[in-house]
Structure formats: C-alpha cells, structure tokens
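Spelled out, the chains give:
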Amino acid sequence: MKTSSLQHPGRGWRVLAAAVLFALATLVSTWPLFRHPASTVLDTESLYGPASVLIQRDINLNIWTLAWDSHALVTDPLHLFHANAFYPARYTLALFDHLLGIVPLFAPVYWATANPVLAHQVALLLSFVLAGLGMTAYVLYWTEDEMAALAAGFLYAFAPFRLWQLGNLQVISVQYLPLVALAIDASLDGRWGCRAPLLLTGALVLSAFSSYYVGYPAFLVAGTYTTMGLLARGRAGLGRLGPIGTAIAVAALVTAAVSVPYVLQQRSGVLPDYEKSNFTSLAFLTMLRFGLRGVLRFYVVPSKESIPVFLTYTAMTLGMTGVLAHRRHPRGALVMVGAVGIVLALGPYLLLPGIRPIPLPYRLLAAVVPGFSALRVPQRFWVLAALALGSLSGLGLAAARRWLGTRGRVAAALPVLAIAAVLAETRPGGLRGYPLPVGPNVPAAYRWLAEHGNAAPLLELPLRRANLYGESLSMYYSTFHWLPVVNGYTSYPPRSYVGVAEAAAGLPRPDALDAVLRQVPLRWILLHRDALAAGTSPAWEATLRQALTPVADFGETMLFEVPADRRPGGVS
C-alpha cells in the first residue's frame, strides 16, 4: 500500500462516480420501491410475506422516530427523550432505538420539505451508497485496486442481510462498520495523523446511534480488529495504541451518556432483561427449532425463514480466494471478526441433541455488558460475517486480478462479473410501494390540529393495544401536528398507556370514558368512526357528545374537546 493511495489526483470525482453507481444500482435492484419516494414506502407484504404484519408498523415507527429527532433537536433538544408519544409517560423515546445516527441522512431533507416519507426514503437510499463507499475505501486501502474495491462495496452494500430487510432501516444501517476497521488500520500504520482516531470515534458513535443492534457489533469489531492488528504488527503497533484506545473510550462514553434513559427504563421494569429471564423470547429459540446444522445451513443456502444470513455464492467464492491468497494482515483479523459474528448469532446456548445446553459468549456478554441483555435477536450479529466476507472478497478479487495481469480483458471483466452475480443473487424482486399520506393528503383532522391544537394532549379512539398498526399510524400522523398523543406503538408499553388502554376497553360506556379522563389529562379526543365495530358508532358518539364538546366532523373522524373542568393537571 502506498501513501498516496487515498490521495490520488481526481479521487473526488471517482468517489462521486462510485456514489452515483451505488445509487443507480439501488434504484434498479429495488424497483419500483423508489418510483414515488415522496409518498410511498415499502409494501412489506411484497418482501416479508406473512411476516409483513410485524414490519409495516415498524416503518411508521422509524419515520416517526427520525422526524421526532429532527424536530426536537431544533426546537427543544434538552427534552429529546421526552417524545410526544405515550403521553404523559416520560423518556418515551427510550422505548425504541433513538436512530440519531441516521438523522444526518434524514434531517436535511425533512427540514427542507417537511415530508417525513421522502426523508425516510432518501435515508434508505443513502445507506446503500455509504455502505458501498465505506467498504470500497477499506479494500482500496489494502489493495490499491479500484475495481476490486468497488466490487467489494457492492458485495457488502447489497448483501441479503440488507436487501432482504428493507423494512428495518435501523438494523441495516451498517454503513459505518467498514470505517471502524479502516480507521484502526490507519491509526496502527501511523497514517492520516489525528484524522484516523477521529474517524474511528465518529464511525463507532454513528453506528451505535443508528441502532444498538449495530452499535454492539461496531464495538466488537473495534476490540477484535485492534487486537488482531496489534498481533500482526508486533511492537510497531503498540506505540500507536493510545489514540485508538482514546477514540474507543470517547465513543463508549458518548454512547453511554445517550443510553442513560434506556437504563432508567430497564430499571423501572419497562424494558426487558433477557438474561435475568433466561432468554425467554422466540428469537432465542432458532437453534431449538432448526438445530445447529439447520442454523449454519442458512449461511450457505438462501432462505427467508429466519433473519436472512445467506452469504451468497459470489462472496463465498471470492472470500475463500482472499483467505488463501492474502496471507498477511488483515486476513486473520477479518476471519476472527466473522467468527465472532457467527458464534454470537447462535445466541446464549449451544443446543445439541442428548446433552445439556452449553453456554456461549452471548450469555457472558448479556451478563457483564450494560444494556446487552435487552437485545432479543442474536441473529443480527451475523452482520459481522457479512463485513468480514465482503472485505475478504475484495482482497480475493484483487489477488485474482493480479494473477491475471497478463490477461487484461479477463482481469478487467472479473469485478463486473462479481457485481452482476451478487446483484442477481440478492435482488428481492416483486417489491411494491405502500402509500402514506403527506402534505395536503394528510387527513383533515390532523391538519386542523396542526393549526388549532395549541400543543395540547390528544387521545385517538378506539384505542386497542392489539391494533399495533393503527397505533403506529397515530404516531406517524403526529409528525404533522406534534401534539402530545396518548397513543403509540412499542413492544414495551409504559404503565400509563396500559392503564388508559384498559380503561378505554370499556368504551363506549360512559363510566369507561370517566375512567380514561381520570387517568390522563386531555384536551382533544379524536374518534375514528371507520375503526369502530359495525353498528356501534351511534353509541360511541352519544357517550362522547354527552361528556365532551364536539368541535369538528371530518366524515370518517370526529373531533371532541374535553371541557376545562374535566382537564386535570391544568391542561389548557
């Protein structure tokens, strides 16, 4: 590797061209997902099939989270974690991933257009571009082969783990992980001065802020890769360990500071501790269901029965070439990173027929690492295998091109063939768009509340805990008025929400409405006629009209105001 490898004249134009190429490939591979980016998101049924009922609401949740972050950071950043959903509970942003690491991709578009759907789709597109560029930069550092590095970027950005989980932006935002390894190598090699440890800190923080399912793997990469890098360099690397340690420590402290609300939620019993409950969650039963051989088979045979972990035949072939051909660092470090990911993805126990469960490292981490015990899907640590294999594929492709140096045309064609092959293996196909109202298409009731709501609390009825998509939709629509809303969707609802939901289950009885108003201070109640059981609308309206003040009738919805004498807590 030459010192000038990342300072080549015209490098900026090459980076721009690569970014455009990754963006175009994303549009083509996921078409027609981005046909109407300002008003549609992924129709999850077209990708997830029966599991779509679990994912469509997550897209609403992610849009709300990113919009809330962008809104709160410029209006009231000190109260960022006291989000507007699940009123009057506190620290409600800590009931989900805060997604602050994705905000830099989302917020500029949102601030410019006030369109959260467009901002979400742009963030999704940019995650592919940045993942590709990040891996390209890493492989280029070691090979100086631009085409091999570009192909590695495609293998990483378009891995099944990412393409087959398009509805989970938070868990596929792994675009900063290659930069963790790159920054460690640059630091140990004494290159780039203080920029290398700064890059390491930034990549770790952005990863951790994107999702805890990305953050924990990022810190595991940092620890594993640094250790293996030191072993490969010997004493020469020890003198440069200080800046790396400082960078990791600073990133850990920043992550810990922002994680305090999650600690409070877990101590209060709202967030789970799976280690203390002996990992009672369906996601921990994958090995019990498929057996060890079945779980490992998912890596080499395409399947969507579980979290997609298929490595692709293209990446496996090139990755093995990299292991055989590249006999120095970073081969050992990448193999170790991949092994760590596969072992952790097995979960807390190794389950084999006829013997007692064998504890695995996942169980130890859950016991000693703060917050780790709240993770419930160990299969997502597979991303470390994708990171390692994408990197090794680039090294293998570069080695093959060197070997074919005397046959220029074949060597030139190899990266193109690799890109085409991996896109053919991973393209989801059959995707559809799912419309979400924005701008003038937002229901009139929410537009009225945006103008006249006076930042007062709102409850949408009927409130049914089992109607998770409807509750997530209330959160989505709140991005257009930002009133405090009692409604919300999470796997871990606060006690105040549970209490209101239990009281609201008795509606339309008048005593049930009284119970609701005693539990939470409200000013507005929005009744969705179209969500009521057939023939019950007159009873609902009679109960609400008797106790509340009708404000506006919007057809499918009717808005009521709670009289001042029935607003506890001084709600204006």
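Going by the structure above, here's the rest.
A brief structural summary. (Residues numbered from 1 in each chain as written. Predicted model: local features only at pLDDT ≥ 70, side-chain atom pairs only at ≥ 80, totals over all residues. Heavy atoms only, no water.)

Considering the overall build of the protein chain
Working step 1: When helices and strands are tallied, the protein chain shows 25 helices and eight strands.
Working step 2: Since a compact globule built from 572 residues should have a radius of gyration of about 25 Å, the 26 Å found for the protein chain is in line with a globular shape.
Working step 3: Its C-alpha atoms put the protein chain at 85 × 50 × 45 Å along the principal axes.
Working step 4: Relative to its 572 residues, the protein chain shows a buried fraction of 57%. (Helix = DSSP H or I, 4+ residues; strand = E, 2+ residues; numbered from the N terminus. Rg over C-alpha atoms; globule rule 2.2 N^0.38 Å. Buried < 20%, exposed > 50% of the residue type's maximum accessible area, 1.4 Å probe, protein only.)

Thoughts on helix H1 (residues 11-29)
Think of an α-helix as 3.6 residues a turn; residues three or four steps apart then line up on the same face.
Working step 1: Counted at 1.5 Å a residue, the expected span for H1 with its 19 residues is 27 Å, and the 27 Å between its end C-alpha atoms agrees.
Working step 2: Of all the residues in H1, the buried ones are Arg-11, Ala-18, Ala-19, Phe-22, Ala-23, Ala-25, Thr-26 and Ser-29. For H1, the angular spread of buried residues about the axis comes to 160°, placing them on one side. Within H1, the exposed residues directed more than 90 degrees away from the buried face are Trp-13 and Val-28. (Expected span 1.5 Å × (residues − 1). Arc of directions from axis to C-beta.)

Some words on the packing of aromatic side chains
Working step 1: In total, this model carries 29 aromatic pairs according to the counting rule given.
Working step 2: With a centroid separation of 5.9 Å and an interplanar angle of 90°, the aromatic rings of Tyr-141 and Trp-192 are classed as edge-to-face. Note that Tyr-141 is positioned in helix H5 (residues 116-143) and Trp-192 in the loop between helix H9 (177-188) and helix H10 (195-210), a separation of 51 residues in sequence.
Working step 3: Pairing Tyr-446 with Tyr-477 gives two aromatic rings, centres 4.5 Å apart and planes at 15°, and the pair type is stacked. (Phe/Tyr/Trp six-rings, centres within 6.5 Å; stacked < 30°, edge-to-face > 60°.)

What to know about the pattern of salt bridges
Working step 1: On inspection of all chains with the given rule, the structure shows 10 salt bridges.
Working step 2: In this structure, Arg-401 and Asp-145 form a salt bridge, with 2.7 Å as the shortest nitrogen-oxygen distance. Within this pair, whereas Arg-401 is found in helix H19 (residues 383-403), its partner Asp-145 is found in the loop between H5 and helix H6 (146-157), the two being separated by 256 residues in sequence.
Working step 3: Assessed through its relative accessible area of 12%, Asp-145 is described here as buried.
Working step 4: Here Arg-529 makes a salt bridge to Asp-553, at a shortest N to O gap of 2.8 Å. Taken together, the positions of Arg-529 in the loop between strand E6 (524-528) and helix H25 (537-547) and Asp-553 in strand E7 (residues 549-553) put the pair 24 residues apart, joining distant regions of the chain.
Working step 5: Look at Asp-553 and you get partly exposed, because its relative accessible area is 48%. (Salt bridge = Lys/Arg side-chain N within 4 Å of Asp/Glu carboxyl O.)

Remarks on helix H13 (residues 241-258)
Working step 1: For H13, built from 18 residues, the straight-helix expectation of 26 Å at 1.5 Å per residue is met to within 8% by its first-to-last C-alpha distance of 26 Å.
Working step 2: Taken together, the buried positions of H13 are Ile-244, Ala-247, Ala-251, Thr-255 and Val-258. Down the axis of H13, the smallest arc covering the buried residues is 65°, so these residues share one side. Projecting away from the buried face of H13 at angles above 90 degrees are the exposed residues Leu-253 and Ala-257.
Working step 3: Lining the buried residues of H13 we find H9, H10, helix H11 (212-233) and helix H14 (260-267). (Contact = heavy atoms within 4.5 Å.)

Thoughts on the side chain of Arg-162
Working step 1: Checked against the element boundaries, Arg-162 lands in helix H7 (residues 160-163).
Working step 2: Asp-97 provides the closest opposite charge to the buried, salt-bridge-free Arg-162, at an N-O distance of 15 Å.
Working step 3: From its side chain, Arg-162 meets the backbone oxygen of Ala-157 in a polar contact 2.8 Å long.
Working step 4: Beyond its immediate sequence surroundings of up to four residues, Arg-162 is in contact with Ser-127, Phe-128, Ala-131, Tyr-156, Ala-157, Ile-172, Val-174 and Gln-175. (Lys, Arg positive; Asp, Glu negative; His and termini not counted. Polar contact = N/O pair within 3.5 Å; in protein donor to acceptor, adjacent residues only side chain to side chain.)

Describing the packing of H19 against helix H20 (residues 408-426)
Working step 1: Orientation of H19 relative to H20, taken along the N-to-C sense of each, is 155°, at an axis distance of 8 Å. In this view, H19 runs roughly antiparallel relative to H20, as classed from their interaxial angle. For the pair H19 and H20, the sense of crossing is right-handed. Facing H19, whose interface residues are Leu-397, Ala-400 and Arg-401, H20 presents Ala-411, Ala-412, Leu-414, Pro-415 and Ala-418.
Working step 2: Split into classes, the residues belonging to the contact of H19 with H20 amount to seven nonpolar, no polar and one charged. (Axes fitted to C-alpha atoms, helices over the stretch in contact; angles between N-to-C directions. Parallel < 35°, antiparallel > 145°, perpendicular 65-115°, else oblique. Left-handed = near helix turned anticlockwise from the far one by under 90°. Nonpolar A, V, L, I, M, F, W, Y, C, P; charged D, E, K, R; others polar.)

Some words on a nonpolar patch on the surface
Working step 1: A surface patch of nonpolar side chains, amounting to about 450 Å² of accessible area, comprises Trp-13, Leu-16, Val-20 and Leu-24.
Working step 2: Topologically, Leu-24 is positioned in helix H1.
Working step 3: A residue is classified by how much of its surface remains accessible, and Leu-24, at 48% relative accessible area, is partly exposed. (Patch = residues over 30% accessible without salt bridge, like charges linked within 9 Å, V, L, I, M, F, W, Y side chains within 5 Å. Areas by Shrake-Rupley, 256 points an atom, 1.4 Å probe, with all protein chains shown as cover.)

Re the packing of H11 against helix H17 (residues 331-345)
What describes two packed helices is the angle between their axes and the distance between those same axes.
Working step 1: With their axes 9 Å apart at the nearest point, H11 and H17 run at an angle of 145° to one another. Crossing geometry of H11 relative to H17 is assigned as right-handed. Facing H11, whose interface residues are Leu-220, Val-221, Thr-224, Tyr-225 and Met-228, H17 presents Gly-332, Ala-333, Leu-334, Met-336, Val-337, Val-340 and Leu-344.
Working step 2: Grouping the amino acids of the contact of H11 with H17 by side-chain chemistry returns 10 nonpolar, two polar and no charged.

Considerations on the nonpolar core
Working step 1: Formed by 193 residues in total, the largest nonpolar core has its most connected members in Trp-64 and Tyr-225.
Working step 2: When near neighbours in sequence (up to four residues on either side) are disregarded, Trp-64 contacts Ala-83, Asn-84, Ala-85, Leu-93, Phe-96, Met-475, Tyr-476, Ser-478, Thr-479 and Trp-482. (Core = buried A, V, L, I, M, F, W, Y, C linked by side-chain atoms within 4.5 Å.)

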